[in-house]
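Now for the letters of each chain:
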Amino acid sequence: MTSYRNSLGRKISGAILGTTIAALVVSMSLIVASFFHSYRQGTIQKAAGLAQVLVTSISPALDFNDPEAASEVLESLNLISNTAGATVFTADGKVFTSYGEAASTLPEKLDQPNIELNSFRIVQPVSSGEELLGYLVLDGRFSDQMDWLYQNIISSAAILLVVAGICVVVTGHFRKKMTRPIGQLTDAVRDISKSKDYSKRVSYRSDDEIGYLVSEFNSMLAKIEKRDAWLNSHREMLENIVSQRTMQLRAKQSELENKNRMLVSEIHERHTAEMIRDEVERINRHDLKSSLNLVIGYPELLLNGEPLTKEQRKYIKRIAAAGYRMLDMIQFHLDMFKMEQGIYRLKTMQVDLIDLMTSLEEEMALLLNQSGVSLSIMLDDKEIEGMEELFITGEGMLLRTMFRNLIKNGVEGSRRGDTVTIAICSGPPISVTVKNTLAVPEEIRNRFFDKYVTQGKEDGTGLGTYSAKLIAQTHEASISMHTADDTGTEVTARFKLEGNAA
């Protein structure tokens, strides 16, 4: 059995020996103290009795004022070993006679003895009948108390050593009897912890608590052994499952890597295509602007040249206006690129929304006539008369482009004979809602404001709503769309800046 530095056996032995020795020391100390006190009390009682005898002997000497006779009586104290001296005082406190160590004055306490560590003093009155003649002061010492104390301590120490030796022997016997099964149990736990062999058992039988502990420990080992065998079989099964799943996972991972490579290649190709398309758009814008300079320049020359009829001047001005609008659209594509990059700077001014909407109505007259759709402009749920004003802060050209695209989409999303409504709310905040009767196709509802998203339009580019969203964001405005088959489509732009309506 392995020994431990702070083993349970040592603790049990220490507790038994400590308790026993402490009890012996306390009991012997009390016995010695009791004997010591008894010895001192006995000495005092003997001295008191001696003082009574002396008082009886010296009372005639005091009565007849015979100091010599009293001195002879006191000299008999040399036969008493504990007596240091005696003094006889008269009733008025004067020294009558003395022996040995004489007291100089009459003590203050006359009714009780004065006891110190190594000495004592007894005062006894001397009387004749009812007449007080004087006092006898008897001084003594506890001369042999230390010898008596040392003897008792030595004998007590001898007894203590003998009893302690017996306790050590008895404690060792009981310690082995109590700690042997616990040691066996500890060794078994250590061996099982190292070897993981749960088939081992502790062989100890008893009806006490330790026997019950060993029995339950063996029962626990049997259960652990059974469970360990089940876990081992289950682990093998899990290892097989994990191995199969690992193979499947590796196959899936290989397939996923192939798909990722294909996706990366597709993304690269799409990115390249977008770069090519952007470059082509830039080139086209440059070429279109070069060609438009001729379209815009020649009408100016014609208007400033030979006289023209009113109709001719009207048509030439329309050609020039269309050229300028195309130039603005080409310039807007460049501005849209800057807005996408977040580097566009607004050229803000006060823009009259009512005037903007009425001019757009005139601009889109041809489209409205061709599609058979009418346009209604409302201000706070009332049809406008054309004299109203509602100003917001923004860039007029961008706002014109945004609402042109929204109105054009509304007209294209209506049936012949329908009405597209532009509902303006003076707020605050100011909002503009474009309503049409047809719903947005379900396939593109979630991507309505995304770039290049269009459906059902032969010449659609998918940039109208996308540019409207960019312009709204550049103006720190919000834009949203709500569509349903029974109510049609509403696109609303809300501006944070407040304006004034008149």
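Residues numbered from 1 in each chain as written. Predicted model: local features only at pLDDT ≥ 70, side-chain atom pairs only at ≥ 80, totals over all residues. Heavy atoms only, no water.

A word on the overall build of the chain. Looking only at helices and strands, the chain has nine helices and 13 strands in total. Counting across all 502 residues of the chain, residues that qualify as buried make up 32%. When contacts within the chain are restricted to residue pairs at least 6 apart in sequence, those whose partners lie at least 24 apart make up 66%. Roughly 32,400 Å² of accessible area belongs to the chain as shown, and the carbon and sulfur atoms make up 55% of that amount. (Helix = DSSP H or I, 4+ residues; strand = E, 2+ residues; numbered from the N terminus. Buried < 20%, exposed > 50% of the residue type's maximum accessible area, 1.4 Å probe, protein only. Contact = heavy atoms within 4.5 Å. Areas by Shrake-Rupley, 256 points an atom, 1.4 Å probe, with all protein chains shown as cover.)

On to a nonpolar patch on the surface, then. On the surface, a nonpolar cluster with roughly 460 Å² of combined accessible area is contributed by Val162, Ile166, Val169, Val170 and Phe174. On the secondary structure map, valine 169 appears in helix H3 (residues 145-195). (Patch = residues over 30% accessible without salt bridge, like charges linked within 9 Å, V, L, I, M, F, W, Y side chains within 5 Å. Salt bridge = Lys/Arg side-chain N within 4 Å of Asp/Glu carboxyl O.)

Leu353, Met357, Met402, Phe403, Ile407 and Ile424 are the most contacted members of the largest nonpolar core, which has 47 residues in total. Secondary-structure elements contributing two or more residues to this core are helix H5 (310-341), helix H6 (353-363), strand S7 (374-379), helix H8 (396-412), strand S10 (419-425), strand S11 (431-436), helix H9 (464-474) and strand S13 (488-494). At seven residues, the largest contribution of residues to this core is made by H8. Those residues in contact with phenylalanine 403 that sit more than four places away from it in its chain are Leu353, Leu356, Met357, Leu360, Val432 and Phe495. In terms of nonpolar packing, the next biggest core, distinct from the first, is built from 23 residues, Ala47, Leu74, Phe120 and Phe142 among them. (Core = buried A, V, L, I, M, F, W, Y, C linked by side-chain atoms within 4.5 Å.)

To continue, consider the pairing of S13. In terms of burial, S13 is a largely internal element, five of the seven residues being buried. In this structure, S11 lies alongside S13, joined through six bridges in antiparallel fashion. Opposite valine 432, over in S13, you have alanine 493 as the bridge partner. Here strand S12 (residues 478-484) pairs with S13 via seven bridges, running antiparallel. Note that in S13 the partner of serine 480 across the bridge is threonine 492. (Pairing = 2+ DSSP bridges.)

With that settled, the discussion passes to the sheet that holds S10. Taken together, six strands build an open sheet; the order of strands is S8-S7-S10-S11-S13-S12 and the sheet is mixed. In the strand order of this sheet, the two ends are held by strand S8 (382-383) and S12, each with one partner. Pairing geometry for S7 and S8, over two bridges, is antiparallel. Considered in S8, the bridge of leucine 379 is made with lysine 382. Across the sheet, H6 lies against S7, S10 and S11, angled at about 175° from S7, the strand it touches most. Across the sheet, H8 lies against S7, S10, S11, S12 and S13, angled at about 20° from S11, the strand it touches most. (Axes fitted to C-alpha atoms, helices over the stretch in contact; angles between N-to-C directions.)

Next up on the list: a negative patch on the surface. On the surface, Asp66, Glu68, Glu72 and Glu75 cluster together into a patch of negative charge. Examined against the element boundaries, aspartate 66 turns out to sit in the loop between helix H1 (8-63) and helix H2 (67-74). (Lys, Arg positive; Asp, Glu negative; His and termini not counted. Charge placed at Lys NZ, Arg CZ, Asp CG, Glu CD.)

As a further point, take the packing of H6 against H8. Between two packed helices, the angle of one axis relative to the other and the distance separating the axes together describe the packing. Put simply, H6 and H8 touch, their axes get as near as 10 Å, and they point 50° apart. Classed by the angle they form, the pair H6 and H8 counts as oblique. Once H6 is placed against H8, the crossing between them reads as right-handed. For the pair formed by H6 and H8, the contact residues are Leu353, Leu356, Met357, Ser359, Leu360 and Glu363 on the first element and Leu399, Arg400, Phe403, Arg404 and Ile407 on the second. For the contact of H6 with H8, the class distribution of residues is seven nonpolar, one polar and three charged. (Parallel < 35°, antiparallel > 145°, perpendicular 65-115°, else oblique. Left-handed = near helix turned anticlockwise from the far one by under 90°. Nonpolar A, V, L, I, M, F, W, Y, C, P; charged D, E, K, R; others polar.)

Contact geometry of H8 with H9 gives a least axis separation of 9 Å together with a crossing angle of 145°. Two packed elements cross with a definite hand, and for H8 against H9 that hand is left-handed. Between H8 and H9, the contacting residues are Leu398, Leu399, Thr401, Met402, Asn405, Leu406 and Asn409 on the first element and Gly464, Thr465, Ser467, Ala468, Ile471 and Ala472 on the second. Its residues placed into classes, the contact of H8 with H9 shows seven nonpolar, six polar and no charged.

Read across the open sheet, the five strands follow the order S2-S1-S5-S4-S3; overall the sheet is antiparallel. The sheet is open, and its two edges are formed by strand S2 (95-100) and strand S3 (114-115), each paired on a single side. In this sheet, strand S4 (residues 119-128) lies alongside S3 in antiparallel orientation, the contact comprising two bridges. The residue bridging isoleucine 115 from the neighbouring strand is phenylalanine 120, located in S4. Most of the contacts of H2 go to S2, to which it runs at about 25°, and overall it touches strand S1 (83-90), S2 and strand S5 (131-141).

Moving on to the confidence of the model for the chain. Overall, the prediction assigns the chain a mean pLDDT of 78, with 82% of residues at 70 or greater. By mean pLDDT, the top-scoring element of the chain is S11 (92), and the lowest-scoring one is H5 (69). (pLDDT = per-residue confidence, 0-100.)

This part covers the pattern of salt bridges. For the structure shown, the criterion picks out nine salt bridges. The partner of arginine 121 in a salt bridge is aspartate 139, with the nearest N and O atoms 2.6 Å apart. Remark: aspartate 139 occurs in strand S5 and arginine 121 occurs in strand S4; sequence separation between them is 18 residues. Accessibility expressed as a relative area gives 27% for arginine 121, which makes it partly exposed. By relative accessible area, aspartate 139 is classed as buried at 9%. By sharing partners, the salt bridges in this structure join Glu363, Arg400 and Arg404 into a single network.

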